[in-house]
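An overview of the molecular structure
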Amino acid sequence: MHPRRHLSIRPAKLCVALLRAAAARPAVAVLLAAATIAQPAWANTAPDPLAPTGRWDAYTRGDAATPPMGWNSWNAFGSGIGEEKLLASAEIIRSSGLQAKGYRYIDLDDGWWLKRRQPDGRILIRTANFPSAATADGSTSFRPLTDRLHAMGFKAGIYSDIGRNTCAELYSTDGLNQPEGTVAEREVGLYGHVDQDIALYFAEWGFDLIKVDACGIRGLTPASPWVKSGKFRAMPPLVDSDSLGRTDIPAVHALYAEVGRALEKHNPDGDFVYSLCLWGAADVRAWAKDLGNMSRTSDDIAPTWGRMLHSFDSAVRRPLYAHPGSWNDPDMLYIGAGDFDADHLVAAKSHFSLWAMLSAPLMIGYDLRRAPQPLLDVFGNGAIIALDQDPAGNQAVLAFDSDDLQILVKTLANGDKAVAIFNRTSAPLKASLTAEQLKLRPDADVRLTDLWSGRATTFRGEQAFDLAPRETLVFTAHGTRRLADGVYLSEQPGIVNPAVDGVVVPEVDPTIYRPIFWAGTHGTGEHPRYGGWGGAAADQTPYGKTIAVGGRNFDTGIGILADSRLEVRNRGYARFSALVGIDDSARDRSQPVTFLVYADGKLIAKSRPMRFGEAPERLAADVQGAKLIELVARTPDPRRFPDPVAWGEAMLTR
Ligand code: GLA
């Protein structure tokens, strides 16, 4: 949909970019200002970012306690969407039994609008494609459509853009169903109309979800062909998907926060889903968890194996950034097309299993009117859906990582594990799964139940598997927990929030598979581009290594940068303990790190200042009755590139 963007480069000095980044992460602003740049006035009054708040700060508003499920029009119909196709798709979801299995959002994506009426700015619907939206006075309304969907037992979703123009307006090659009229009439995006449009879509028309795209805030420089030809108004680009340096992170953050406030205002009952669609740009993988219910971690998925890998990789190392209420969104399912069609059921099942392990929103993007039964059976696998919708909301953690094969483990609400063994390659592979990877005891039976075949098997110690090309084996696993009387924090990313993850200068994540994208093989190739490198990690360091302190390795723990604060929900545990220290992969090494533990805002344990190379120190405290625990790692003189630290074997026990 989007040819390689040609953006003119705005001059941005490093310190300006740093300050921008800092302002987008108010938590680090003071540190940064103190460490590198003459203090701006506002920094003096900023509160200490590492001070405990006693509060869970990740997003819990809206209606997304489990990942939203449903159907979205875009991958099936593009801008060729209309009421008939939408309702026919909804009808199949109902009659096939998929609705009863949890698919409840019917989302209208780009391509629905006619224009923004002047001078009052009311958005008008293209009634040629949505006849039920016609009204006697010409003002148009989606209320009949949402009423119909609600009467069918569905929720209704709509699409807009954070800028003045939408993605299809900018990138559609055939212009089909694009907004009409003057430049102002074609400005159908939210920019400058947030309150008016959100009131219209939610209070007046009755929608329950909005996906907010971002094409309108990129690329519309005065020099762009769109602006030069007079088609669209210029707007200083706030986002460049290829460059964090050419992105105004605080400005983008502020625009999305404004929409969030409007959603709360016009949905006093909290019945809404706020879906951010910033494609992993603007460092959104770090901050969306504080602002909305689901957030795209990458550019668009396509029905090819490489594009699926790209989407998957953009979320897989971010389990600590997903929680009930704020999910990573690696994009919609592309099951039904291309490499995931009915002739490629092994790959289609992999795609579905992997999204469930990620606790990703499950949005079908397929023209269900022509779905053969085997594909409906993939979407309808109740065991995989239950895995996705598990109420604990723990995104899977990587237990084994390589470019060829990955093992992902997800801790379920009942204490059991789910495990996926993923053959990323197009050749057969052998793999072993160990009880240790499941954090289960190797000397006791582990019972596996295959979630596709239902077959149960038992092993001790380890089990060998043969995987077909592109196959994902997925099981629930029941055994004897290594930690009998509690949980490791890294088993429970759904209750761990890196409120301040210590990243001062956003850096691009080099671990994401790079397929050929919009530009084909023109240009210089696909480069890493999503911020998030150095973010908090489960069972790894922030830079993807084995956690190690003073020569001792940990297969379990939270890896995070110094000058950070983690929030941990405590559901009835009595004791917290961890082995803390500076990670052996540290490079700066100049600063000692003090580790502090707070319970409901009160300091309950503190380490001595720890130096690089020292053996880990045990930090333990009574947390009985406390609702929120905060884990702070602090240096006296924060650096721009802080050292990684470890909360090794961090655990809550009875
Ligand atoms: C962007 C989004 C897609 C889709 C299209 C619509 O590419 O990432 O998911 O919404 O815009 O134009």
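This structure is a prediction, so every number in the text was calculated from the model and none was measured. (Residues numbered from 1 in each chain as written. Predicted model: local features only at pLDDT ≥ 70, side-chain atom pairs only at ≥ 80, totals over all residues. Heavy atoms only, no water.)

1. Regarding the overall build of the chain
- Across its full length, the chain carries 15 helices and 31 strands.
- Scaling as 2.2 N^0.38, a compact globule of 654 residues should have a C-alpha radius of gyration of about 26 Å, and the chain matches this with 24 Å.
- Considered along the principal axes of its C-alpha atoms, the chain spans approximately 75 × 65 × 50 Å.
- Scored against the burial criterion, the 654 residues of the chain give a buried share of 61%.
- Considering only contacts in the chain between residues 6 or more positions apart, those separated by 24 or more positions represent 73%. (Helix = DSSP H or I, 4+ residues; strand = E, 2+ residues; numbered from the N terminus. Rg over C-alpha atoms; globule rule 2.2 N^0.38 Å. Buried < 20%, exposed > 50% of the residue type's maximum accessible area, 1.4 Å probe, protein only. Contact = heavy atoms within 4.5 Å.)

2. A closer look at the packing of helix α8 (residues 194–204) against helix α10 (residues 249–266)
- Running from N to C, α8 and α10 point in directions that differ by 40°, and their axes come no closer than 9 Å. Between α8 and α10, the crossing angle belongs to the class labelled oblique. Here α8 and α10 pass one another in a crossing that is right-handed. Contacts from V194, D195, I198, A199, F202 and A203 in α8 reach E258, V259, A262, L263, K265 and H266 in α10.
- Taken together, the residues of the contact of α8 with α10 break down into eight nonpolar, one polar and three charged. (Axes fitted to C-alpha atoms, helices over the stretch in contact; angles between N-to-C directions. Parallel < 35°, antiparallel > 145°, perpendicular 65-115°, else oblique. Left-handed = near helix turned anticlockwise from the far one by under 90°. Nonpolar A, V, L, I, M, F, W, Y, C, P; charged D, E, K, R; others polar.)

3. Considering the sheet that holds strand β7 (residues 273–276)
- With respect to topology, eight strands assemble into an open sheet ordered β9-β8-β7-β6-β5-β2-β1-β10, the strand pairing being parallel. In this open sheet, the two strands that pair with only one neighbour each are β9 (327–329) and β10 (362–364). With direction set aside, neighbouring strand axes in the sheet form an average angle of 25°.
- As paired strands, strand β6 (residues 209–213) and β7 are joined by four bridges and run parallel to one another. Bridging across to β7, I210 finds its partner in Y274. (Pairing = 2+ DSSP bridges.)

4. A look at the state of the cysteines
- Evaluated as defined, the whole model comprises one disulfide.
- A disulfide bridge connects C167 with C215, and the sulfur atoms are separated by 2.0 Å. Since a negative S-S torsion denotes a left-handed disulfide, the C167-C215 link at about 90° is right-handed. Taken together, the residues C167 in helix α7 (residues 167–171) and C215 in the loop between β6 and α9 (225–228) connect sequence positions 48 residues apart. Both residues of the pair, C167 and C215, count as buried.
- Unpaired in terms of disulfides, C277 finds its nearest cysteine sulfur in C167, a separation of 6.4 Å. (Disulfide = S-S within 2.5 Å.)

5. With respect to the packing of aromatic side chains
- For the coordinates displayed, the defined rule picks out 20 aromatic pairs.
- Ring centres of W305 and F340 lie 6.1 Å apart, and the angle between their planes is 35°; on these two criteria the pair is classed as tilted. Note that W305 is positioned in helix α12 (residues 305–316) and F340 in the loop between β9 and α13 (345–357), a separation of 35 residues in sequence. One exposure class covers both W305 and F340, and it is buried.
- Between the aromatic rings of F595 and W647, the centroid separation amounts to 5.3 Å while the plane-to-plane angle is 85°, which identifies the pairing as edge-to-face. With F595 in strand β27 (residues 594–599) and W647 in strand β31 (residues 644–653), this residue pair connects regions lying 52 residues apart in the sequence. Residue F595 shares its accessibility class with W647, and that shared class is buried.
- In this structure an aromatic cluster arises from ring pairing among W112, W113, F130, F142, Y159, Y201, W205 and F207.
- The lysine or arginine in question, R218, covers the ring of W279, its NZ or CZ lying 4.1 Å from the ring centre. (Phe/Tyr/Trp six-rings, centres within 6.5 Å; stacked < 30°, edge-to-face > 60°. Lys NZ or Arg CZ within 6 Å of the ring centre and 35° of its normal.)

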